[in-house]
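Tertiary structure, described
Each chain, letter by letter, is given below.
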Amino acid sequence: YLEPIDRKASILEIACGAGQFAEMLFDCGFQNYMGFDYAEEGIALAKKNNPEQKDRFFVADAFQTELLQQKYDLVICFEALEHIQKDLELLHRVLPGTRMLLSVPNFNDPYHVRYFQNEDEVRNRYEKVIRISCISKSMLNDVNCLYYIWGEKL
């Protein structure tokens, strides 16, 4: 998904955690990145793991931050929507026309408020907010997978 994207593209990552994905982006030449997470300890690790880019990480609440009211070429949200009751409300905060790359699981967990048994369930939930171009499946083991959703915010 990221291969054809201009390395100067503006990217916002929702729930960036300890910044591992950001580190991969920086290693691939992406420099116009910002990430936020509500967990202070996650952001502290993100800054530690990416010392030259530490000013690109912020502690913020996704339902209150002004970061989502700015224009980005791409908004990423991995491993977070399944933990949020108001996932659609969160996605509504992203500006229309923004490209999005999201992930959701097919497995239950005590910390998940939802999971998806197949691509149709993913499509049915998120097509209300995203013009979905593609859903792909990445296997974690013999049973569990993540669905990656690529699309544009409606």
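Refer to the preceding data block for the structure.
Residues numbered from 1 in each chain as written. Predicted model: local features only at pLDDT ≥ 70, side-chain atom pairs only at ≥ 80, totals over all residues. Heavy atoms only, no water.

Some words on the pairing of strand β1 (residues 11-14)
The condition that has to hold: Each residue gets one of three labels from its accessible area relative to the maximum for its type: buried under 20%, exposed over 50%, partly exposed in between, using a 1.4 Å probe on protein chains only. A run of H or I in DSSP becomes a helix once it reaches four residues, and a run of E becomes a strand once it reaches two; helices and strands are each numbered from the N terminus. Whether two strands pair comes down to DSSP finding at least two bridges between them. Look down the strands so they point away from you; if the path from the first strand over the helix to the second goes clockwise, the crossover is right-handed.
The alternating pattern of β1 places Ile 11 and Glu 13 and Leu 12 and Ile 14 on opposite faces, both of which are buried. As paired elements, β1 and strand β2 (residues 33-37) share four bridges and run parallel to each other. Opposite Glu 13, over in β2, you have Gly 35 as the bridge partner. Regarding topology, helix α1 (residues 20-27) serves as the crossover connection from β1 to the parallel β2, and that connection is right-handed. As paired elements, β1 and strand β4 (residues 74-77) share four bridges and run parallel to each other. Counterpart to Ile 14 in the pairing with β4 is Cys 77.

Overview of the side chain of His 112
Applicable threshold: By the criterion applied in these results, polar contacts are pairs of N or O atoms within 3.5 Å in which, for protein atoms, one can donate a hydrogen and the other can accept it, and in which residues neighboring in sequence qualify only through two side-chain atoms. The contact rule is simple, with two residues in contact once any of their heavy atoms fall within 4.5 Å.
Along the chain, His 112 falls in the loop between β5 (99-105) and α4 (119-126). Only 3.0 Å separates the side chain of His 112 from the backbone oxygen of Phe 107, close enough to count as a polar contact. Those residues in contact with His 112 that sit more than four places away from it in its chain are Glu 82, His 83, Pro 105 and Phe 107.

Looking at the sheet that holds strand β7 (residues 145-153)
Note the following rule: Lines fitted to C-alpha atoms define the axes here, with helix axes fitted over just the stretch in contact, and angles between the N-to-C directions of these axes take values from 0 to 180 degrees.
If you trace the seven strands from one edge of the open sheet to the other, you get β3-β2-β1-β4-β5-β7-β6, paired in mixed fashion. At either margin of the open sheet sits one strand with a lone partner, and together these are β3 (57-59) and β6 (130-139). Each strand of the sheet is rotated relative to its neighbour by a mean of 20°, with strand direction disregarded. Contacts from α4 reach β5, β6 and β7, with the element oriented near 150° to β6.

Remarks on the packing of aromatic side chains
Using the following cut-off: Pairing of aromatic side chains requires ring centres within 6.5 Å, counting the rings of Phe and Tyr and the six-membered ring of Trp. Pairs whose planes differ by under 30 degrees are stacked, by over 60 edge-to-face, and all others tilted.
For the structure shown, the criterion picks out six aromatic pairs. With centroids separated by 4.9 Å and ring planes inclined at 90°, the aromatic side chains of Phe 21 and Phe 78 adopt a geometry described as edge-to-face. Of the two residues, Phe 21 is situated in helix α1 and Phe 78 in the loop between β4 and α3 (87-92); the sequence distance between them amounts to 57 residues. Here the aromatic rings of Phe 26 and Tyr 33 are separated by 5.4 Å at their centres, their planes lie at 85°, and the arrangement is edge-to-face. Classification of Phe 26 by relative accessible area gives buried; the value is 11%. Among the aromatic residues, ring-to-ring pairing joins Phe 21, Phe 78 and Tyr 148 into one connected group.

Things to note about unusual backbone geometry
Located in the positive-phi region is Ala 15, a residue other than glycine, with phi close to 60°. Among the secondary structure elements, Ala 15 is positioned in the loop between β1 and α1. A positive phi angle, near 55°, is found at Glu 79, a position not held by glycine. By secondary structure assignment, the location of Glu 79 is in the loop between β4 and α3.

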